[in-house]
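Residue-level structure breakdown
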Amino acid sequence: MAKRNTKVDVFTVDGVGEHKKKFLVELLRQMTLIRRFEEKAAQMYGLRKIGGFCHLYNGQEAVAVGAISALDLKHDYVLTAYRDHGHALAVGMEPNAIMAELYGKITGCSRGKGGSMHMFDAEKHFLGGNGIVGAQIPMATGTAFAQMYWKKVMGEKQTGVTLCFFGDGAIHQGAFHESLNLAAVWKLPVIYIVENNQFGMGTAVHRVSSVEDFEIKATGFDMPGMTIDGMNVIAVHDGIRKAREQAQADETPILIDIKTYRYKGHSMSDPAKYRTREQLEQFQQQDPILVLKATMIDAKMIDDDEYKKIDDDVKKVVNESVEFAENSDEPPVETMYEDIYA
Amino acid sequence: MAEISIRDALNQALDEEMARDERVFLLGEEVGEYNGAYKVSRGLLDKYGAPRVLDTPIAELGFTGLAVGAATVGLRPVVEWMTFNFALLALDQVINNAAKMRHMSGGQLNVPIVFRGPNGPAEYLSSQHSQALQSLFVHIPGLKVASYATPYDAKGILKSAIRDDNPVVLIESEMAYAWTGEVPDEEYTIPLGKADVKREGSDITLITYSKPLRMVLEAASELESMGVSAEVIDLRSLRPLDEQAIYASVRKTNRAVVIDESWPMASVGSHVAWLISRNCFDVLDAQVELVCSEDVPMPYNHRMELAVQPSVEKIIDASKRVLYME
Ligand SMILES: Cc1ncc(C[n+]2csc(CCOP(=O)(O)OP(=O)(O)O)c2C)c(N)n1
Ligand SMILES: [Mg+2]
């Protein structure tokens, strides 16, 4: 049966758009840092330095980097799920603190208590790192509620927006549907971002969803919707910047479906037999890092040597984070009784 | 007799019951094409197809409630929760609907449904993914709750649960799916509500259920080498609770340690310890001890997470206290 009302336009940007070299080099550096960090995390997981569920971000770098680079983290907030290393790096958390957290060391951002799924940095307005599918969606709606409240009740001039990342699997939780209605009714400045990497664990989107383009769900809540090419970091950045302006100017939540792909298994223990090599390769050909690099070379903003220097620099940063984690102390066992009540 | 894993014992039970009764169906996240997050449902989609094996969206409240509805009109669903941590999203349907329909309808309705999945800590998973949540279910009249830690018990209890006309919550453990043991070739069931003496002894009773059983049996062997004969009771069923089995053992040994991997407040362990104190007061030679998790959310760091949970050492220490061996 033909699907109804499923035609959406995918927002993308050709070439470098209006951006200057310095800014794009920074996006390229951040994405490369995430890629190298994840590769190292996988390696250290293999050596059993890291345990448990470890969900890697390879392939999705443009989403966190593009979106978060459009924010002002003095005022804006970011929440995401357990696949959070990329977001943590993109908000500017120290690679050392993230790697140490993966190692379960006391110098980790969550003092060795959270691990891979629970990166937090309150100062940088990064509120996790949530392990329960969809659980960050109502919370993000709540931080946006506070942003509205600070403005309307407490007279604050500049209060920002909340960016809420979640997966294509999370969109079927009641939490999503309840939250979007609340946000629409109370006009909350929250941007809901579906990181649509085509799978929730081993389940392809079409097997569990009546629609494949999530943008159309916005209609039911009478809020703006948008679809963005998530393999193009410039498109993600420009799209989220526009959305951020709209959320503030029109006092509205926005739902954005960002099409992306995860290269690795769901977590380290998943061999990902449910998809074809061809599909993976098709996305790897639009690799967000390679795409940006090629675009910048075309625009004569960068050459291979310059890129190599960026790559060497981030590799150094990543290696240092491993060294830092290795040399950090285990948390004293008594700290298990800490961080429970305020 | 064949030596199989708990995973395979559960798989056999599901397979046999689905073959026996076409009202039985299985639903949950990744139970079909992926063969189950922990491979308990391996091969069942191939054999029975949809809609008898259903991969659900990640929507615990919705698919659990759907199954409760289907059960109310006569189907016999088995709901697999990927873990009990995620079952928290479905609690309303379990507690307000499944557990209440019979009572609120004055006995007109039955809800023959099984909810099962791994509960309790595994390894390196931090606070949201390492919770032993059985107390939430055990608290609720209208539900039955049971557990198993051997393949024999797993198969027999799951089969009985599927045939039971009430909602039954079954507590499994990720760490125990690979544990092996003997299972008879011929068909059998194990009635709900019955505890099992896993080891006979005369000096002290160690009472436990679910995953800690293995650790408790290890502690019992160590105690033996110290000249102490420990009896090990596996409660298996938590609601109803086989109180007589507990009292019979404690009346023999006069000493009891309860081992429960959940938190101490309002737990199965604390309840059993209270029952013993109250009903065996006249025969007790020492206080009843409870070995449980530290009263903290689970940290990710492995050394800390081991320190949080019961251990052979903690069981032996508690046993020594009630045996005045210190
Ligand atoms: C409430 C809940 N149910 C189930 C799980 C187990 N689980 C973890 S991730 C996941 C798939 C989520 O897929 P998606 O939202 O698309 O995010 P992705 O992993 O693709 O980033 C599942 C089922 C969970 N963590 N929480
Ligand atoms: Mg996904």
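What you see is a predicted model; the values in this text were computed from it and never measured.

1. Regarding the site of ligand 1
Near ligand 1 lie 22 residues; those nearest to it are Tyr82, Arg83, Gly169 and Asn197 of chain A together with Glu60 of chain B. Between an oxygen atom of ligand 1 and a main-chain N or O atom of Gly169 of chain A, the distance comes to 2.8 Å. Contact distances for ligand 1 include 2.9 Å between an oxygen atom and a backbone N or O atom of Phe199 of chain A. In the complex, the protein chains occlude 95% of the 580 Å² of accessible area that ligand 1 would expose alone.

2. Comments concerning the domain arrangement of chain B
Residue and element names in this part refer to chain B. By domain assignment, chain B separates into domain 1 (2-183) and domain 2 (196-322). On a C-alpha basis, the centres of domain 1 and domain 2 stand 26 Å from each other. Interface area for domain 1 against domain 2, summed over the two sides, is near 2400 Å², with a carbon-plus-sulfur share of 57%. If you look at where domain 1 meets domain 2, you find two salt bridges. The partner of Asp153 in a salt bridge is Lys198, and the shortest N-O contact between them spans 2.6 Å. Between the two partners, domain 1 and domain 2, sit eleven residue pairs in polar contact (both at pLDDT 80 or more).

3. Describing the nonpolar core
Among the nonpolar cores identified, the biggest contains 67 residues, and Ile50, Ile68, Val78, Leu163, Ile193, Ile240 and Ile256 of chain A are the most heavily contacted of them. If one sorts the elements of this core by residue count, helix α1 (residues 21-46) of chain A sits on top with ten residues. Residues within four places of Leu163 of chain A in sequence aside, it is in contact with Ala67, Ile68, Leu71, Tyr77, Val78, Leu79, Ile191, Ile193 and Ile240 of chain A. Membership of the second largest hydrophobic core comes to 54 residues, among which are Val183, Tyr188, Leu192 and Leu323 of chain B.

Rules used in this analysis
- Residues numbered from 1 in each chain as written.
- Chains lettered and ligands numbered in written order.
- Predicted model: local features only at pLDDT ≥ 70, side-chain atom pairs only at ≥ 80, totals over all residues.
- Heavy atoms only, no water.
- Near = heavy atom within 4 Å.
- Polar contact = N/O pair within 3.5 Å; in protein donor to acceptor, adjacent residues only side chain to side chain.
- Areas by Shrake-Rupley, 256 points an atom, 1.4 Å probe, with all protein chains shown as cover.
- Domains from an automatic or database assignment.
- Buried area = accessible area lost by both parts, 1.4 Å probe.
- Salt bridge = Lys/Arg side-chain N within 4 Å of Asp/Glu carboxyl O.
- Core = buried A, V, L, I, M, F, W, Y, C linked by side-chain atoms within 4.5 Å.
- Buried < 20%, exposed > 50% of the residue type's maximum accessible area, 1.4 Å probe, protein only.
- Helix = DSSP H or I, 4+ residues; strand = E, 2+ residues; numbered from the N terminus.
- Contact = heavy atoms within 4.5 Å.

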